[in-house]
Amino acid sequence: MTSALPRPQSLVLRSLLEPRLAEVTLRAARNSERLRLIERALRNTVSATIVHAGSKINVIPAEVELELDGRTLPGFGPDDLIREVHDLVGPDLELELVRHDPSPAEPDLTWFDGLGAIIRELDPGGIPVPMLQVGVTDGRFFSRIGIQTYGFLPLELPQDFEFTKLIHAADERVPVQALRFGAEAVGRAVERYAG
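The structure presented is a predicted model; accordingly, all values stated were derived computationally and were not measured.

Chemist: Tell me about the pattern of salt bridges, and name the residues and values.
Modeler: Evaluated as defined, the whole model comprises seven salt bridges. Ionic pairing is found between R71 and D69, a salt bridge with its closest N-O pair at 2.8 Å. For D69, a relative accessible area of 28% translates into the label partly exposed. With its nearest N and O atoms 2.9 Å apart, the salt bridge here joins E121 to R188. Of this pair, E121 sits in helix 5 (residues 112-122) while R188 sits in helix 8 (residues 176-193), placing them 67 residues apart in sequence. Taking relative accessible area as the criterion, E121 reaches 38% and is therefore assigned partly exposed. Residue class for R188 comes out partly exposed when judged on its relative accessible area of 24%. Among the ionic contacts, a cluster of salt bridges with common partners joins E121, E184, R188 and R192.

Laid out in structure tokens, this is it:
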């Protein structure tokens with residue numbers, strides 16, 4: 001009996017699915033430019049975004065209030081995230097859920113094959129891949145009323161173009177050719193599915 005050696009990508013994926021190896025893999029991701037880009041899609045995250053504290057420069061505040069922006073992976077909810085924060089900082093911290101924008105319980109990939117076909121028509125070497133969106137979109141509002149949304153962002157980018165580093169940066173941009181490709185792909189999707 002013989003077995004093929006697993007490809008490096010499958011080793012990373014397998015290690016993420018095994019809890020005892022996941023943390024080591026994620027720590028390695030922080031040192032890898034390519035893996036760092038997807039790290040947020042592999043764990044629940046929390047960022048302190050607003051801080052309220054004292055009002056006098058020479059008085060230590062009696063209380064500090066932080067507003068946290070938490071993002072959960074599919075299958076996790078606010079209670080899971082609150083439990084994780086308590087596990088990290090202890091039970092004495094008072095946490096209050098102010099707002100929660102739920103995502104669909106399961107992704108609906110009904111249109112994935114059709115959208116993928118459009119990509120392959122325009123770029124025969126292209127490989128459509130479903131992706132977990134780590135940012136927030138207005139699709140969360142449609143989710144509340146049961147409408148599945150797709151982040152169909154077809155761009156034909158040069159190999160050396162570092163698109164993810166430019167998202168929301170001061171010089172955010174894409175090449176004109178990328179927009180032409182995207183406009184053609186979105187146009188085909190609208191013609192095909194707007195019925």
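Next, the rest of the story.
Chemist: Report on the layout of surface pockets, specifying residues and quantitative values.
Modeler: Estimates place the volume of the second largest pocket at around 360 Å³. For the second largest pocket, the lining is made up of 15 residues, of which R43, N44, T45, E84 and L88 are closest to its centre. Breaking the lining of the second largest pocket down by element, the ones donating at least two residues are strand 1 (45-52) and helix 4 (78-89). No other element matches the five residues that helix 4 contributes to the lining of the second largest pocket. Partitioning the lining of the second largest pocket into residue classes produces 10 nonpolar, two polar and three charged.

How each quantity is defined
Residues numbered from 1 in each chain as written. Predicted model: local features only at pLDDT ≥ 70, side-chain atom pairs only at ≥ 80, totals over all residues. Heavy atoms only, no water. Salt bridge = Lys/Arg side-chain N within 4 Å of Asp/Glu carboxyl O. Buried < 20%, exposed > 50% of the residue type's maximum accessible area, 1.4 Å probe, protein only. Helix = DSSP H or I, 4+ residues; strand = E, 2+ residues; numbered from the N terminus. 1 Å grid on protein atoms, 1.4 Å probe; cavity = no way out; pocket = protein on both sides within 12 Å on 5 of 7 lines; lining within 4 Å. Points joined across faces, edges and corners; volume = space filled by probe spheres on them. Nonpolar A, V, L, I, M, F, W, Y, C, P; charged D, E, K, R; others polar.

Functional significance is not addressed by these values, which are geometric in nature.
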